[in-house]
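Listed below are the residues making up each chain.
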Amino acid sequence: KICLLAACSCIFPVAVTKPRLLVHIGTHKTGTTTIQQALDAQGDAYLAAGVFYPPTDREPWPTLPKHCSVFAAAAHGDADQAEAERHILLSQFRASGARTMLISEEGLSEPPPRLAQFFAPFATEFDIEVVCFLRRPDLFTESLYNQFVRQATRREMRSPLMFSRAKGLRDRLKYAAILDRWKALPARITVIDFDRAVSERPLLRLFAESAGLPPLTDSGQRANSSPDMRLAQVLSHLNRQGLNYDLPSLIRASKVLETDERFVRRNHLLGRQERAQLLRELGPDLQRLADEYGVHFSAELPRDEGGASCEDIDPAYALELLARVSAMHRPAPEGG
């Protein structure tokens, strides 16, 4: 019987599946920080289920729960640095005993082709899969602007209109062109319309199901939520002036003002005219995104905005914001 089985296995070789390399490329402002914090916190449970989330404690940002070292190696364009990073990942994965390696870094969704090309050598050893959450380009533009004005490494100082028209930003919005580079690795691509999907399922459940991963425990807290767009305008002005400011205090004051009926939260800045123009220009790429990747964004536009882009700071809001910050830092009365 043993000889017969051996002979059969020579005639009909047993298929050996490759391990899985799953790359979560973001994009920005689609719950990535919340997802990464959950993955980092539940790394041991995932490893027990055969999923390895490599350590994130290496430079250039070792305190963040995402794979900054992978992004840095891929973005830098240095062949030796890229090869060293791949060697570390492979060594860690082999030592883990897992069958799936999971990388998460939203910067990998940016346009430079070398970001996807970094993963090409893995194709000989892994079946590569990519998960990408997308927001409609106009909504993504506004949320990214809101983040970049607050980001210490960027301190975005352009107006919302100038930011939205910049070539670097427009290249980020050509989703189908970016996904094509990952597909060519080759990789299997899963693309999700974030706003529509997250309205139907909790974020961490959405991510785990989309990626074919074990469930993630949801703490109910969301990281890196966007404040009122009025604050983004104030911060861009402060950035242009090169002024230092206490960002946490400004964000806290902004949250307080959201409860003030005089300052109903503003979520949009582009204006109907610029929004429509942006979507027209990206029409061919969005059509290909629908045809080839199955993502059909809603055509519904925001109702709470005017025709023109909102470029100026709201003076009443700015004054009240500063007053609230000053009150937070006012010394307590003696004996009080």
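Look above for the structure.
Quick summary incoming for the structure in this document.

Conventions we followed
Residues numbered from 1 in each chain as written. Predicted model: local features only at pLDDT ≥ 70, side-chain atom pairs only at ≥ 80, totals over all residues. Heavy atoms only, no water. Helix = DSSP H or I, 4+ residues; strand = E, 2+ residues; numbered from the N terminus. Buried < 20%, exposed > 50% of the residue type's maximum accessible area, 1.4 Å probe, protein only. Pairing = 2+ DSSP bridges. Disulfide = S-S within 2.5 Å.

Trans peptide bonds make up most of the peptide bonds, and negative phi angles are found at most residues other than glycine. The omega torsion across Glu59 and Pro60 is 15 degrees, close enough to zero to call that bond cis. By the element assignment, Pro60 lies in the loop between strand S2 (51-52) and helix H4 (68-76). The linkage connecting Leu185 with the following residue, Pro186, adopts the cis geometry, with an omega of 10 degrees. Take Pro186: it is sitting in the loop between helix H10 (175-183) and strand S5 (188-193). Despite not being glycine, Arg155 shows a phi value in the positive range, around 45 degrees. Turning to its location among the elements, Arg155 is positioned in the loop between helix H7 (137-148) and helix H8 (160-165).

Okay, the pairing of strand S4 (residues 127-134) next. Among the eight residues in S4, seven count as buried, and that is most of the element. Looking at chain direction, strand S1 (residues 20-24) and S4 are connected through five bridges and run parallel. Bridge assignment links His24 to a residue of S4, and that residue is Val131. In the sheet, S4 pairs with S5 via six bridges, with the strands oriented parallel. Within the sheet, the bridge partner assigned to Val130 lies in S5 and is Ile189.

This paragraph deals with the state of the cysteines. Here the structure, examined in full by the defined rule, presents zero disulfides. Free cysteine: Cys68, not disulfide-bonded; nearest cysteine sulfur from Cys132 at 18 Å. On the basis of relative accessible area, Cys68 is assigned to the buried category, the value being 0%. Residue classification places Cys132 among the buried residues on the basis of a relative accessible area of 3%.

Keep in mind these numbers describe shape, not what the thing actually does.
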